[in-house]
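Commentary on secondary and tertiary structure
Now for the letters of each chain:
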Amino acid sequence: MIEEQHDFSTFNFDDFSYEGEGGSSTPPPPPSTAPEAEAEALAPPQASDQVLPNGAVVAAVDSDPAVREYLAAQVDGDVATAASLTEFEGRLGMGPVVILLGPSCAEPGDLALVEHWSRTHPEVGTILITSELTTALLHSAMRAGVKDVLSAPIDQMQLLETVSRVAEGLSSAPVAPKPSGPGDIPLDTLDGETGRAIAVFSTKGGSGKSVVATNLACALARRSDRPVVLIDGHLQFGDVGVMLKLQPQHTVIDATSQLSKLDAPMLSQLLTLHEPSGLMVLPAPHEPTFADQITGADMVRLVEMMKTFAGHVIIDLPAIFNDVVLSVIEASEDVILVTGLDIPNIKNVKIGLSTLAMLNVPKEKLHLVLNRADSKVKLDVGEVEKTLQIVAAAHVPSDVVVPISVNKGTPVVISAPKSGVARAFEQLATQFLDMSAASAAPSSNSKRRFFG
Ligand SMILES: Nc1ncnc2c1ncn2[C@@H]1O[C@H](COP(=O)(O)OP(=O)(O)O)[C@@H](O)[C@H]1O
Ligand SMILES: [Mg+2]
């Protein structure tokens, strides 16, 4: 079970010290009163040599000149400043930029502009610095596509790390949105009760989300008496189609662009059958730029419609918090958190758990999957569970059968059914099948608990 007292190490609620309201044991020098020399002294010596990934530059935007100077001083080097986002807008399109948004940019109008930039300018990444972090603000910032929210007082190293990470994820050029997908789809009919949506998420790329999603989905499809659907929610670089060796006719964009015209049976016609398992798959768009056209609300609507005929709808998500990811996590009955067993993974999961707790995602729907759980050089499983205060629903061993299966396009549950990896996924599938059975018959005493 996740502890009640969440670790808000990233999101502390201390006041911005420059506002003179105190509350922090280690306040930074107040920017509105700090002498310039003092602000400069804050910059670490290595920061001036720092070259950001993708050749990104940094900018600081706030209506208060003292605040933007203070933010600029934290990063050092050449930092462009502007008093407002509208003032900065004319400078967009000149290459990758990480924009530090001061507290004055947390207004709904500014966040709407940030949301627009997130869609139209993949070379722009934003980090919001706030004096008062509330759940509502975190929600709207993430929905606007803000890459991270940091609470004052700023930890300079954390800020530099965040800037670098955001720069790493930027495109090198602006991308124009493309027109939407094909026309009408033939009809068919399916019927049944509402199924369960299982979102597969992780706070770190490469931790095994797609391996977990494809194997769990195939295991469920082979054993479930109702249809099972797998949606690739990694809209930019989804690889579910490749991992299942499919040549899909239709992708998520075809479904979401037709949502208002299609009913559930018509939608089901867009799915590609994975013949070895019977799984029905909706892969990611062929072009990353299509991702911009799909909103969180579209994805939720899609999942809800799939649930009208499928027993389980599994959604493979990217390792970021954006509108689509948050909306799907909120709307899903279950969320699988996949993590490896090294320190960066565990640190990120801890932060991710805190963020999900702040967003009021009930802990009961979180299921931890430890991937490569037996790797010799890595951390002890018991220690990790203790640190994260959550008992793992599955331990998936590290095994060469996984990369082999990925390269062959045949999930481990099919290509190596006797392996420890396949057994772990079958056991995970059993837990979800039991949960569905238990929710269909609430009096059943076969209900299993994931958390103690
Ligand atoms: N249990 C495992 N044992 C060995 N290799 C693994 C295991 N899980 C994942 N991998 C390897 O890690 C790679 C990344 O996994 P993937 O599911 O694509 O990550 P994500 O979707 O989280 O980015 C896979 O291609 C696979 O080769
Ligand atoms: Mg993936």
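Heads up: these notes are all about the structure in this document. Remember, it's a predicted structure, so these values are computed and weren't measured experimentally.

What counts and what doesn't
- Residues numbered from 1 in each chain as written.
- Chains lettered and ligands numbered in written order.
- Predicted model: local features only at pLDDT ≥ 70, side-chain atom pairs only at ≥ 80, totals over all residues.
- Axes fitted to C-alpha atoms, helices over the stretch in contact; angles between N-to-C directions.
- Helix = DSSP H or I, 4+ residues; strand = E, 2+ residues; numbered from the N terminus.
- Parallel < 35°, antiparallel > 145°, perpendicular 65-115°, else oblique.
- Left-handed = near helix turned anticlockwise from the far one by under 90°.
- Contact = placed C-beta atoms within 7 Å.
- Nonpolar A, V, L, I, M, F, W, Y, C, P; charged D, E, K, R; others polar.
- Near = placed C-beta within 6 Å.
- Pairing = 2+ DSSP bridges.
- Buried ≥ 20, exposed ≤ 12 C-beta atoms within 10 Å, placed from the backbone.
- Right-handed = clockwise from strand over helix to strand, strands pointing away.
- Core = buried A, V, L, I, M, F, W, Y, C linked by C-beta atoms within 7 Å.
- Domains from an automatic or database assignment.
- Expected span 1.5 Å × (residues − 1).

**Examining the packing of helix H7 (residues 209–223) against helix H17 (residues 420–440)**
Where H7 contacts H17, the axes come no closer than 9 Å and their chain directions differ by 60°. Relative to H17, H7 is oriented oblique. Crossing geometry of H7 relative to H17 is assigned as right-handed. Where H7 approaches H17, its residues Asn 215, Leu 216, Ala 219, Leu 220 and Arg 223 are matched on the opposing element by Phe 425, Glu 426, Leu 428, Ala 429, Phe 432 and Leu 433. Here the contact of H7 with H17 is composed, by residue class, of eight nonpolar, one polar and two charged.

**Re the site of ligand 1**
Looking at ligand 1, there are 17 residues lining it, with Lys 209, Ser 210, Val 211, Val 402 and Pro 403 nearest. Those elements that provide at least two residues to the shell around ligand 1 are H7 and helix H15 (401–408). Of the residues contributing to the shell around ligand 1, the split by class is six nonpolar, eight polar and three charged.

**Some thoughts on the sheet that holds strand E2 (residues 79–82)**
Reading across the sheet, the five strands line up as E2-E1-E3-E4-E5 and stay open at both edges, with parallel pairing between neighbours. This sheet does not close on itself; its edge strands, each paired only once, are E2 and strand E5 (148–151). In this sheet, neighbouring strand axes are inclined to one another by 25° on average, regardless of whether the strands run parallel or antiparallel. Sheet topology note: the strand E3 (residues 97–101)/strand E4 (residues 124–130) ladder contains five bridges and is parallel. Note on E4: the bridge partner recorded for Leu 100 is Ile 127.

**Brief notes about helix H5 (residues 135–143)**
Where H5 is concerned, the buried positions are Leu 138, Ala 141, Met 142 and Arg 143. Elements that come into contact with the buried residues of H5 comprise helix H4 (108–120), E4, E5, helix H12 (323–331) and helix H13 (343–358). The first or second residue beyond H5 is Gly 145, which carries a positive phi of 95°.

**Concerning the sheet that holds strand E11 (residues 334–339)**
Spatial strand order, E8-E9-E7-E10-E6-E11-E12-E13: eight strands in an open sheet with mixed pairing. Of all strands in the sheet, those bounded by a partner on one side alone are strand E8 (272–274) and strand E13 (392–396). When strand polarity is set aside, the average angle formed by the axes of neighbouring strands in this sheet is 25°. Sheet analysis places strand E12 (residues 366–371) next to E13, joined by four bridges and oriented parallel. Pairing of Val 369 across the sheet is with Ala 394, part of E13. Packing of H7 onto the sheet brings it into contact with strand E6 (196–201), strand E7 (228–232), E8, strand E9 (279–282), strand E10 (312–316), E11 and E12, and relative to E10 it is tilted by some 165°.

**As for the pairing of E12**
Of all six residues that make up E12, six are buried, and the element is covered over most of its length. In E12, alternate side chains face the same way, and those of Leu 366, Leu 368 and Leu 370 on one face and His 367, Val 369 and Asn 371 on the other are all buried. Relative to E12, E11 is paired through five bridges, and the arrangement is parallel. Opposite Val 335, over in E12, you have Leu 366 as the bridge partner. Read from E11 through H13 to E12, the crossover connection turns out right-handed.

**Examining the nonpolar core**
Ranked by size, the top nonpolar core spans 128 residues in total, and within it Val 200 and Val 369 carry the most contacts. Among the elements that make up this core, the one with the highest residue count is H7 (nine residues). A domain-level breakdown of this core finds at least three residues from each of domain 1 (21–168) and domain 2 (190–435). Here Val 200 is in contact with Lys 209, Val 212, Ala 213, Ile 314, Ile 315, Asp 316, Leu 317, Ile 336 and Val 338, once residues within four sequence places are set aside.

**Things to note about helix H11 (residues 296–307)**
Across its twelve residues, H11 extends 16 Å between first and last C-alpha, which sits within 8% of the 16 Å expected from 1.5 Å per residue. Of all the residues in H11, the buried ones are Met 299, Leu 302, Val 303, Met 305, Met 306 and Lys 307. Packing partners of the buried residues in H11 comprise E6, E7, helix H9 (252–256), helix H10 (264–268), E10 and H12.

**Details of the pairing of E6**
Burial analysis of E6 places five of its six residues in the buried class, the great majority of the element. Alignment of E6 against E10, held across five bridges, turns out to be parallel. From the neighbouring strand, Arg 196 faces E10, where its bridge partner is His 312. Both E6 and E11 contribute to a ladder of four bridges, which runs parallel. Bridge pairing in E11 links Ile 198 to Asp 334.

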